[in-house]
Amino acid sequence: MIKFVNTGLTYPNLVVGIREVSLHIAKQEFVFIVGPTGGGKSSLLRMIYRDAVATSGRVFVFNRDVSTMRLREIPFHRRRIGVIFQDFLLLPNKNVFQNVAYALQIRGASARQINALVPEVLEWVELSRKQKCLPHELSGGEQQRLCIARALVNKPDILIADEPTGNLDPDTSIQIMELVTRVNARGTTVVVATHDENIVNRFRKRTVVIAQGRLVADRPEGGYVEAAAVRRA
Amino acid sequence: MRNLLFFFGEFLQGLSRNRFLHFTYGAQVTVSLVVLGIFFVLLVGAAVLWVRLGAGMEVHVFVEDGLSAQQNLQLEQNIKNLAHVAEVRWRSKQEAWEIYCKRNPSIPLGDLLKSEGSAESGGTVADEDNPFPASYLVKVDRPGNISGVAQQCQKMDGVYRVNYGAEVVEKYLKVFSVLVLVCLVTIGLLVVFTYSSINNIIGLSVYSRRAEIRIMQLVGATWWFIRWPFIIEGVFFGVAGALIAIAVVTGLLATLGEALRVSRLDLALPWIGLRASDLFLGLVVLLLGLGLGVGFFGSLRKVNGFLRREAEVQIDAQRIQQLMR
């Protein structure tokens with residue numbers, strides 16, 4: 001489903017984000033990307049939803065080289081990928097219902113479709129009662145659940161989560177990750193970038209360690225490991 | 001249709017936010033267009049004045065006494081054949097005498113004449129006693145060509161003298177070419193100023209919603225989907241500002257016209273005669289066109305600035321790839 005082949009990413013200021021990474025993530029897989037801050041986790045994810053373009057090697061998503069994708073194809077590529085962020089990125093002037101509906105409106109969904117799908121997904125993330133609330137009226141955990149709802153309403157093939165628990169307390173983080181695990185159980189490929197050791201150890205999924213832009217470990221059995229420890233070993 | 005309603009809803013939501021910014025936006029567009037409209041009226045006024053004054057100018061070609069009918073016909077034909085001549089009219093000696101008598105009723109010219117008739121009564125006078133020469137009154141296509149035509153007429157056989165008020169014409173040409181030039185340059189500058197000021201305010205509006213644009217991109221909105229609410233906003237303010245400006249300028253014109261009428265200045269200066277209705281269409285086309293154009297293209301350009309980031313990512317990557325080879 002996602003394949004990095006000797007992928008490198010150098011930014012315009014010549015800072016190297018990713019060096020020679022090769023990685024394959026299969027359909028319906030759940031993968032943690034761990035590593036220190038600034039190690040290249042987010043860069044790797046951004047290449048999947050074509051927010052960054054590989055400067056060497058190739059990146060295949062849905063068997064398509066995203067580096068060669070035309071500009072007008074990008075929105076349609078992103079509609080197959082749900083993305084959630086540490087800082088939520090919700091539309092502040094739209095309420096819970098409207099934030100989720102927006103992801104459907106951009107696809108030209110009818111009012112009937114919106115009225116059927118949005119309550120369903122809000123029910124799933126347990127935000128039905130807060131449909132009319134604005135994002136700033138929600139707790140951090142609720143805002144992240146809203147992001148997940150927005151990401152899921154289009155029934156994406158891939159869910160990407162970039163530090164989804166970075167702004168949340170430990171209990172809420174676990175709730176959010178349980179929700180993400182349920183998404184994966186429904187058949188969606190999930191890639192989560194995090195440096196939250198507790199989360200990685202608790203959920204025991206395949207774990208890829210990225211540090212200084214390099215892939216330093218790929219542990220199918222899961223479990224958090226420090227990049228430095230990998231290097232020492 | 002569904003999308004159109006959605007875009008319109010987004011635009012209305014956008015209006016309810018950032019009220020101060022939107023008020024400033026609308027006010028700036030309106031003020032810029034009002035100033036532009038006033039200068040447009042001045043330019044049109046100057047142009048009308050130019051044309052009306054120019055239309056009254058003519059070359060008086062005085063012919064020698066004693067020309068035969070054949071010679072007169074030939075001379076008239078020669079004048080008509082000149083370039084830039086629009087109209088040639090014959091004025092007989094008798095006609096010239098009558099005009100003189102009408103204009104100067106108090107001068108007892110009749111006493112000096114042997115034949116019947118007097119200046120007071122404006123009656124007939126024998127040609128041999130009539131001191132006024134017959135003439136051709138020649139109108140030209142543009143005031144700028146009057147001296148050239150006059151010089152050519154002067155060289156013709158049978159022409160006694162040519163008069164076209166050279167000094168007045170020269171001054172007229174000088175003053176009005178400067179006036180028209182100043183108005184044109186000012187309007188040009190105002191169009192640029194209006195465009196850039198409206199553009200800047202649109203830029204602020206788009207900038208205040210940059211995070212929203214980023215989110216729209218990330219959830220898979222196409223460029224046109226993101227652009228439309230901003231374009232509707234730009235067009236709304238452009239058109240609304242233009243309509244207000246048209247109302248203000250035509251109102252000012254109507255008030256000015258009324259003031260001229262009341263003060264009887266319109267009788268003293270009949271060539272002013274500019275009415276709001278004369279200018280209405282021009283004002284509508286200029287201001288509405290500019291408001292609409294700037295609103296549409298200004299918004300498009302500013303939103304594109306933010307959207308282009310996506311293209312730049314790709315361009316940067318290609319540049320770096322080339323650097324690394």
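Residues numbered from 1 in each chain as written. Chains lettered and ligands numbered in written order. Predicted model: local features only at pLDDT ≥ 70, side-chain atom pairs only at ≥ 80, totals over all residues.

1. What to know about the overall build of chain A
Across its full length, chain A holds eight helices and 10 strands. Its C-alpha atoms give chain A a radius of gyration of 18 Å, near enough to 17 Å, the size a compact globule of 233 residues would have. With the C-alpha coordinates aligned to their principal axes, the bounding extent of chain A is approximately 55 × 40 × 35 Å. Considering only contacts in chain A between residues 6 or more positions apart, those separated by 24 or more positions represent 65%. (Helix = DSSP H or I, 4+ residues; strand = E, 2+ residues; numbered from the N terminus. Rg over C-alpha atoms; globule rule 2.2 N^0.38 Å. Contact = placed C-beta atoms within 7 Å.)

2. Overview of the sheet that holds strand β9 (residues 206-211) of chain A
Residues and elements named next belong to chain A. Strand order in the open sheet formed by six strands is β6-β7-β8-β3-β9-β10, and the pairing between neighbours is mixed. Of all the strands in the sheet, just β6 (81-85) and β10 (214-219) have a single pairing partner and so form its edges. Across the sheet, the mean angle from the axis of one strand to that of its neighbour is 15°, orientation sign disregarded. (Pairing = 2+ DSSP bridges. Axes fitted to C-alpha atoms, helices over the stretch in contact; angles between N-to-C directions.)

3. Notes on the interface of chain B and chain A
Of the residues lining the interface, 22 residues belong to chain B; the matching set on chain A comes to 24 residues. Elements with a contribution of two residues or more to the side of chain B that touches chain A: α1 (2-16), α7 (210-218) and α11 (309-324) of chain B.

4. With respect to the sheet that holds strand β2 (residues 85-91) of chain B
Residue and element names in this part refer to chain B. As summarised here, the arrangement of the four strands in space is β2-β3-β1-β4, forming an open sheet in which the pairing is antiparallel. With partners counted over all chains shown, the strands left at the sheet margins are β2 and β4 (159-163), one partner each. Averaged over all neighbouring strand pairs, the angle between strand axes comes to 20°, with direction disregarded. Bridge analysis of strand β1 (residues 59-63) against β4 gives four bridges, and the strand direction is antiparallel. Among the inter-strand pairings, Val61 is bridged to a residue of β4, identified as Val162.

5. Thoughts on the confidence of the model for chain B
Residues and elements named next belong to chain B. In the predicted model, chain B carries a mean pLDDT of 79, and the fraction of residues at 70 or more is 84%. Ranking the elements of chain B by mean pLDDT puts helix α9 (residues 265-268) last with 56 and strand β3 (residues 135-140) first with 91. Under a pLDDT of 50 for its full length, residues 117-122 has, in the predicted model, 18 contacts with residues more than four places off or in other chains. (pLDDT = per-residue confidence, 0-100.)

6. Observations concerning the domain arrangement of chain B
Residue and element names in this part refer to chain B. Domain boundaries assigned for chain B yield domain 1 (2-54 + 171-324) and domain 2 (56-165). Listed per partner, the contact involves four residues of domain 1 and five residues of domain 2. Looking at the side of domain 1 that touches domain 2, the elements with two or more residues in it are α2 (19-56) and α6 (166-207). Among the residues forming the side of domain 1 that touches domain 2, the class breakdown is three nonpolar, one polar and no charged. (Domains from an automatic or database assignment. Nonpolar A, V, L, I, M, F, W, Y, C, P; charged D, E, K, R; others polar.)

7. Thoughts on the environment of Val225 of chain A
Residue and element names in this part refer to chain A. Mapped onto the elements of the fold, Val225 is located in the loop between β10 and α8 (227-232). The exposure class assigned to Val225 is partly exposed, which follows from the 19 C-beta atoms found within 10 Å. Through-space distance from the C-alpha of Val225 to that of Ile81 is 28 Å; in sequence the pair is 144 residues apart. (Buried ≥ 20, exposed ≤ 12 C-beta atoms within 10 Å, placed from the backbone.)

8. Here we look at unusual backbone geometry
The phi angle at Glu20 of chain A is positive, at roughly 45°, despite the residue not being glycine. Relative to the assigned elements, Glu20 of chain A resides in strand β2 (residues 16-25). The phi dihedral of His84 of chain B falls on the positive side, at around 70°, and the residue is not glycine. One can find His84 of chain B in the loop between α3 (69-80) and β2. With 15 C-beta atoms counted inside 10 Å, the residue His84 of chain B sits in the partly exposed group.

9. Quick look at the packing of helix α3 (residues 96-105) of chain A against helix α5 (residues 140-152) of chain A
All names here are of chain A. For the pair α3 and α5, the least separation of the axes is 8 Å and the interaxial angle reads 30°. Looking at the two axes, α3 sits roughly parallel to α5. For α3 against α5, the interelement crossing comes out right-handed. Contacts between α3 and α5 involve Val96, Asn99, Val100 and Ala103 from the former and Leu146, Ala149 and Arg150 from the latter. Considered class by class, the residues forming the contact of α3 with α5 number five nonpolar, one polar and one charged. (Parallel < 35°, antiparallel > 145°, perpendicular 65-115°, else oblique. Left-handed = near helix turned anticlockwise from the far one by under 90°.)

10. Brief notes about helix α1 (residues 41-48) of chain A
Each α-helix winds once per 3.6 residues, and so residues spaced three or four apart point in a common direction. Residues and elements named next belong to chain A. Along α1, seven of the eight residues are buried, which leaves the element largely enclosed by surrounding structure. Along α1, the positions that sit buried rather than exposed are Lys41, Ser42, Ser43, Leu44, Leu45, Met47 and Ile48. A positive backbone phi angle near 60° is found at Arg50, which sits one or two residues after α1.

11. Side note on the pairing of strand β1 (residues 2-10) of chain A
All names here are of chain A. Where β1 lies against β2, six bridges are found, and the strand directions are antiparallel. Counterpart to Thr10 in the pairing with β2 is Val16. Counting the residues between successive antiparallel strands, the hairpin from β1 to β2 contains five residues, one of them, Leu14, with a positive phi of roughly 70°.

12. So, the environment of Trp97 of chain B
Residues and elements named next belong to chain B. The topology assignment puts Trp97 in helix α4 (residues 93-103). Note: C-alpha distance between Trp97 and Val125 (28 residues apart in sequence) is 7.9 Å. Beyond its immediate chain neighbours, meaning those up to four positions away, Trp97 contacts Val125, Asn130 and Phe132.

13. Topic: the nonpolar core
Counting residues in each nonpolar core, the largest one holds 106 residues, and the members touching the most others are Ile33, Val100, Ala149, Ile160 and Val191 of chain A together with Leu287 of chain B. For this core, the element with the most residues is helix α8 (residues 223-262) of chain B, which contributes 13 residues. Contacts of Ala149 of chain A, omitting those with residues within four sequence positions, involve Val100, Val121, Leu122, Val125 and Leu127 of chain A. Listed in part, the 13 residues of the second largest apolar core include Val59, Ala134, Tyr136 and Val162 of chain B. (Core = buried A, V, L, I, M, F, W, Y, C linked by C-beta atoms within 7 Å.)

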